[in-house]
Structure formats: C-alpha cells, structure tokens
Amino acid sequence: MNKLLGSRWLNERNFFLLACLLCGLPVWLPDFPPMADLPQHAAQISLYLNLGNLDFPYSDQFELNLFTPYLLGYFLVAVLTPLLGIVAACKLVVWLALAAFALSTRFLLRQTGADPYWAWLTFPVLYGFAYQWGLLNYVIAAPVGIYFLGLVWQQVGNYNWRSSLLIALMLHALFFSHALIMALCVLIASAYWLFSSKSIRDFIKYAWPAAALIPIVLIWIAYTSDYQQAKTATEWDLSLFNTTDGYYTTLASWANPVEAGWGRLTGFMPRMLGERPDLFVTLLGIFLFALPFIAGGRISKSWTRFIPLLFIILLIMFLPSVLRGNSYTFQRFTLLVMPLFLIAINAPSNPGQMQRYLRLLAPVIAFGWIAHMSVNALQFDKEADGFKTVLSKMEPHKRAVSLIFSRDDTNSISPTLMHFPAWYTAVNSGISNPGFAMYTGMPVSFKKEYVASFIVGYAWYPQLFDWQKHEGTTYDYFIVRADKDVSRYIFRKASCRIRQVNHSGQWWLYERDPAC
C-alpha cells in the first residue's frame with residue numbers, strides 16, 4: 001500500500017491510525033450509543049459514585065461488591081465521569097476500546113509472524129454482537145486479551161523475567177476486566193507454552209504467571225458459588241441452524257418464529273458483523289475471510305499459530321449459551337474470531353501488482369463499514385428521539401419504573417432501547433427499575449430487603465406490571481416506550497392519580513401524584 005501511495009504522509013500506518021480515530025463515529029454521533037446494556041452499566045457506575053454523596057437518598061439500600069472480574073471498564077468510566085460527565089465518559093472508553101482492539105490485533109499479528117496489514121479486517125467486526133448488546137466490560141477486555149496473547153508470543157520468542165512479570169500483571173488485569181476473556185487467554189497461552197517448550201523446566205518458566213492467578217480465581221469461584229445467578233440452569237442451544245433463545249425466536253419485533261436462524265453456524269456472520277441475517281451479510285463475511293488468500297496470503301506452516309483459532313472454534317461450537325447466569329456466552333466470542341484467524345496467515349513472499357491492488361480492498365471495506373455503522377447510528381438517534389426530552393423533565397433522586405413495550409430499533413441485532421431508562425439513574429442520580437442492581441455479584445447491588453419483587457423478567461414483559469402487586473405507590477415516574485398510549489392498561493388498577501408529564505415520539509413519561 002505504501003508503494004502505491006508514494007508519499008511520506010500518505011502511508012498505510014497513518015491511514016490505519018485514521019481508521020482508529022474514525023471508528024468512534026458510531027459511538028459519538030448519537031446522543032446515546034446504540035448499545036443495549038450500556039445504560040445499565042452506566043447506572044452501576046453512577047450508583048457507585050453516589051453512594052458517598054449525602055444528597056443521594058438511597059445509599060442505605062445498596063451494598064458494594066468490589067471482588068468481581070468486571071471492574072476495569074467501570075473504573076475507567078468512573079475516573080473520567082467527574083471530568084466529562086457519565087455519557088461522554090462511556091463514549092470515550094468504548095471508542096478507545098474499539099481502537100485498541102484494532103491496534104492490539106496489529107501487535108498480535110506482528111508478534112506471531114503473521115501479516116500485520118490484515119488488522120484492517122478487524123474494523124468490520126468491531127460493531128458486532130458484543131458491541132450492540134452493550135457488553136461494556138467484554139468490549140474493553142477484548143483488546144487487553146489480544147494484547148496479552150501478543151505478549152505470550154513475544155515472551156517465548158525472546159524470554160526474560162521482565163516479560164513474564166508483565167504477563168503476570170496482564171493476567172491479573174484480565175481477571176478484573178472479564179473472566180471469560182481471561183479464561184480463553186489462559187487456555188490459549190497454556191497450550192502455546194506447552195507445545196513451545198522443550199522440557200518441563202521450560203514450560204514452568206513460561207507458565208508460572210498463569211499459576212500465580214490460580215488462588216484468586218479459586219477464591220472468586222467459591223465466593224460467588226452461592227449467588228442466585230450462579231445457580232441458573234445451563235442452556236446449551238447447540239443447533240447449527242436455529243436458536244432456542246427467546247429474543248431471537250419471538251421477542252424481537254423482527255424475529256421469525258417459524259425459522260429463527262441464529263444457530264451456531266447460520267448466526268455466526270450476523271453476530272460477527274452486527275447485521276440481521278441475509279445473503280449479503282453471509283457473502284460479505286465469507287469474503288472477509290477469503291480476502292487475505294485472494295490477495296496472495298499463505299497459510300502458515302507453523303501449526304502452533306493455529307492454536308488460538310482452534311480454541312475459538314471450539315468455544316463458538318460447544319460453549320453453552322447461558323453459563324452460571326451469564327447470558328449469550330458463546331455468542332460474544334465471535335468478536336475474537338477474526339484476529340485469531342489472521343494469526344495463521346503469512347504475507348505473500350512476492351505479491352504481484354493485482355494482489356497489491358486487492359490488498360487495498362481491506363481499508364476500503366474498513367472505512368466503508370465505519371461509514372455504514374455511522375449512518376445506522378444516526379438513524380438510531382432519530383428513533384430514540386424524545387428520550388432526551390423525557391429525561392430533562394425528570395427531577396433527580398426520584399424512583400422510576402421502566403416499561404418498554406417497543407424495545408427494538410430498525411437495524412440492530414439487540415434490543416437497544418430496552419434499558420434506555422437506566423440513563424435516568426446514570427445522569428440524574430435516581431433509581432430506575434428493573435436494573436442490574438437487583439443481581440448479587442454486581443459491583444453495586446440492592447440489599448435483599450430492597451429488591452423489588454417484579455424486577456426479574458419484567459424488562460422483557462412490561463405488560464405484566466401490576467399496580468398493587470408491584471407497589472406502584474413507591475415510584476414517582478413511569479417511563480414508557482410504545483407505539484401508542486398504553487396508560488389506560490398500565491394504570492387500570494392505580495390507587496393514585498397519574499398525570500402525563502411528557503410525550504415525545506414513542507416515549508411517554510407519567511408521574512404519580514406526590515400527595516398519594
């Protein structure tokens with residue numbers, strides 16, 4: 001690419017850095033990013049920051065749990081929030097994570113002897129399943145894991161005690177970033193250390209950083225074994241062609257109950273690219289994997305470079321969908337398939353002119369996909385329009401119920417609007433139920449006596465809200481998103497006078513009479 005451009009400044013590296021800069025556009029353009037769970041994560045961070053605030057009237061209802069492998073993302077946002085505000089802090093951290101994923105892939109490919117140029121192909125996968133579901137800590141942990149694997153290859157190739165110490169520190173950072181990423185990275189690293197060692201002594205020399213992590217992992221497993229969600233039944237959802245997941249079979253407004261798709265095989269490309277299934281998405285995904293070979297790339301003769309790809313394929317095919325209460329477990333690993341696939345590809349030894357031109361398709365696709373997702377983000381912003389007005393009408397430090405009947409936008413593969421009312425907790429320091437604080441094991445959770453009985457499952461089924469059963473008199477606001485006014489149905493048993501505060505687009509805000 002550099003030879004084709006023929007300029008000091010117009011070189012491939014600078015264009016790559018430009019793509020890293022621009023990949024944040026889909027995050028920054030809308031008022032709130034199209035990431036389903038992000039509002040709940042922001043609410044967790046806001047609750048943590050408010051627990052020591054004397055003006056926050058609910059501090060005694062919560063308890064802290066800082067021994068959790070999901071702290072790094074929360075820590076970064078919490079540090080930036082006093083400077084930027086929580087929405088901008090979330091956007092900045094997500095953008096940096098996306099850019100870091102592309103940069104860490106480039107580092108990994110260079111350390112493994114693969115062709116670092118193909119890190120361009122990571123840009124189309126940035127906005128896939130994990131991003132659209134708003135899995136904040138997973139998105140942040142992914143580049144940390146990719147960078148860690150690069151350090152592992154570097155350690156074996158040029159061993160010294162400093163590299164092993166750095167790997168030990170990175171492993172602990174991975175544990176407090178995301179347990180699933182940490183587990184995968186330890187498996188890959190251990191296998192690579194084993195097959196790269198000439199003796200048991202060599203293996204111990206390489207692998208002791210992973211052994212240093214064992215005590216903290218065992219303590220955490222024992223500590224969380226009594227958590228309610230840890231006892232949730234495991235769901236496998238092993239079909240190659242269809243899924244049993246409720247959202248993708250019936251709950252999504254665009255779901256096909258007869259032939260849902262979204263199986264381990266048929267759902268792979270849509271999850272990787274963040275697009276609903278169609279022929280174009282499948283063909284584009286296939287083309288992304290084929291492009292390095294079309295452009296002259298060669299399969300590596302070093303079989304150890306296939307270890308990461310083997311592990312990620314096994315996880316995609318056989319890991320449960322729900323594991324210890326963790327939903328969408330195998331689905332989120334699609335984010336890592338592309339960089340771990342690229343490890344196994346060498347650069348062409350003597351590419352022809354046509355192959356050099358074909359290589360240019362990678363940055364073209366990268367910039368095109370960023371533009372495509374930016375347009376989608378702007379459309380999402382229009383569909384979410386009205387929530388910001390609703391939010392401005394709500395006084396801080398109140399209690400709100402979220403009743404989202406219309407949870408989907410036009411383009412996303414996740415219910416991006418389902419948790420939007422949690423931005424009230426994040427921005428206005430109120431309480432919005434249902435919320436992640438109901439779960440034990442979250443950094444901030446309700447004490448048992450304050451967990452509202454209706455929270456479990458009602459995010460998906462707002463029509464089940466019952467005024468008496470769910471103590472409607474304890475809430476100040478009712479945030480509704482629906483195609484039409486459903487207030488008569490929701491408040492049919494209300495014992496208090498309810499007034500409409502605002503209606504903007506599909507958003508409705510109601511308030512209970514304070515005198516009631």
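For the structure, check the block above.
Student: Would you take a moment to explain the overall build of the protein for this structure?
Tutor: Secondary structure assignment for the protein yields 23 helices and nine strands. For a compact globule of 516 residues, the expected C-alpha radius of gyration is about 24 Å, and the protein comes in at 24 Å, within 12% of that figure. Taking the principal axes of the C-alpha coordinates as reference, the protein spans close to 80 × 50 × 45 Å. Buried positions account for 57% of the 516 residues belonging to the protein. Within the protein, residue pairs in contact and separated by at least 24 positions form 75% of the contacts whose partners lie at least 6 positions apart.

Student: Before we go on, may I ask you to explain the nonpolar core in this structure?
Tutor: Soluble, globular proteins show a tendency: their nonpolar side chains are buried together. Phe123, Phe148, Phe333, Leu336 and Trp423 are the most contacted members of the largest nonpolar core, which totals 142 residues. Sort the elements by how many residues they give to this core and helix 6 (residues 86–112) lands first, with 16 residues. One finds Phe465, Phe478, Cys496 and Tyr510 within the second-largest nonpolar core, a separate group that totals 14 residues.

Student: How should I be thinking about the packing of helix 8 (residues 136–157) against helix 10 (residues 179–196) in this particular structure?
Tutor: When two helices pack together, you describe them by how their axes are tilted relative to each other and by the distance separating the axes. Running from N to C, helix 8 and helix 10 point in directions that differ by 10°, and their axes come no closer than 10 Å. By the angle between their axes, helix 8 is roughly parallel relative to helix 10. Contacts between helix 8 and helix 10 involve Tyr138, Ala141, Ala142, Gly145, Phe148, Leu149, Val152, Trp153, Gln155 and Val156 from the former and Ile181, Cys185, Ile188, Ala189, Tyr192, Trp193 and Ser196 from the latter.

Student: I would appreciate a short explanation of the state of the cysteines in the present structure.
Tutor: When the sulfur atoms of two cysteines share a covalent bond, that bond is a disulfide. Evaluated as defined, the whole model comprises one disulfide. Disulfide pairing places Cys496 opposite Cys516 at an S-S distance of 1.7 Å. As the torsion about the S-S bond is roughly -60°, the Cys496-Cys516 disulfide counts as left-handed. Linking Cys496 in the loop between helix 23 (487–490) and strand 8 (498–504) with Cys516 in the segment after strand 9 (507–512), this pair joins segments that are 20 residues apart in sequence. Of all cysteine sulfurs, the one in Cys23 lies closest to Cys20, which takes part in no disulfide; the gap is 5.9 Å.

Student: Is there a simple way to explain the pairing of strand 7 (residues 477–481) in this structure?
Tutor: Regular strands place side chains that alternate from one sheet face to the opposite one. Of all five residues in strand 7, five are buried, a share of seventy percent or more. Side chains of strand 7 alternate between two faces, with Tyr477, Ile479 and Arg481 and Phe478 and Val480 buried alike. Sheet topology places strand 7 next to strand 9; five bridges connect them, and they run antiparallel. Each bridged residue has a counterpart across the sheet, and for Phe478 the counterpart in strand 9 is Tyr510.

Student: Would you mind going over the pairing of strand 8 with me for this structure?
Tutor: Here six bridges tie strand 8 to strand 9, and the two strands are oriented antiparallel to one another. Bridge pairing links Gln500 to Tyr510 in strand 9.

Student: Whenever I open this one, the packing of aromatic side chains confuses me. Can you help?
Tutor: Where two aromatic rings form a pair, the distance of their centres and the angle of their planes describe that pair. Under the counting rule described, the total for this entry stands at 45 aromatic pairs. When the centroid spacing of 5.8 Å and the interplanar angle of 75° are considered together, the rings of Phe32 and Phe387 count as edge-to-face. Of this pair, Phe32 sits in the loop between helix 3 (25–28) and helix 4 (38–50) while Phe387 is found in helix 20 (residues 387–392), placing the two residues 355 residues apart along the sequence. For Phe32, a relative accessible area of 7% translates into the label buried.

Student: I would appreciate a short explanation of the pattern of salt bridges in the present structure.
Tutor: Pairing between side chains of opposite charge can happen when the charged atoms of each approach one another. Counting across every chain of the model gives nine salt bridges. One salt bridge in this structure joins Asp31 and Lys388, with 3.6 Å as the shortest N-O distance. Taken together, the positions of Asp31 in the loop between helix 3 and helix 4 and Lys388 in helix 20 put the pair 357 residues apart, joining distant regions of the chain. We classify Asp31 as partly exposed; its relative accessible area is 32%.

Reading the values: rules and limits
- Residues numbered from 1 in each chain as written.
- Predicted model: local features only at pLDDT ≥ 70, side-chain atom pairs only at ≥ 80, totals over all residues.
- Heavy atoms only, no water.
- Helix = DSSP H or I, 4+ residues; strand = E, 2+ residues; numbered from the N terminus.
- Rg over C-alpha atoms; globule rule 2.2 N^0.38 Å.
- Buried < 20%, exposed > 50% of the residue type's maximum accessible area, 1.4 Å probe, protein only.
- Contact = heavy atoms within 4.5 Å.
- Core = buried A, V, L, I, M, F, W, Y, C linked by side-chain atoms within 4.5 Å.
- Axes fitted to C-alpha atoms, helices over the stretch in contact; angles between N-to-C directions.
- Parallel < 35°, antiparallel > 145°, perpendicular 65-115°, else oblique.
- Disulfide = S-S within 2.5 Å.
- Pairing = 2+ DSSP bridges.
- Phe/Tyr/Trp six-rings, centres within 6.5 Å; stacked < 30°, edge-to-face > 60°.
- Salt bridge = Lys/Arg side-chain N within 4 Å of Asp/Glu carboxyl O.

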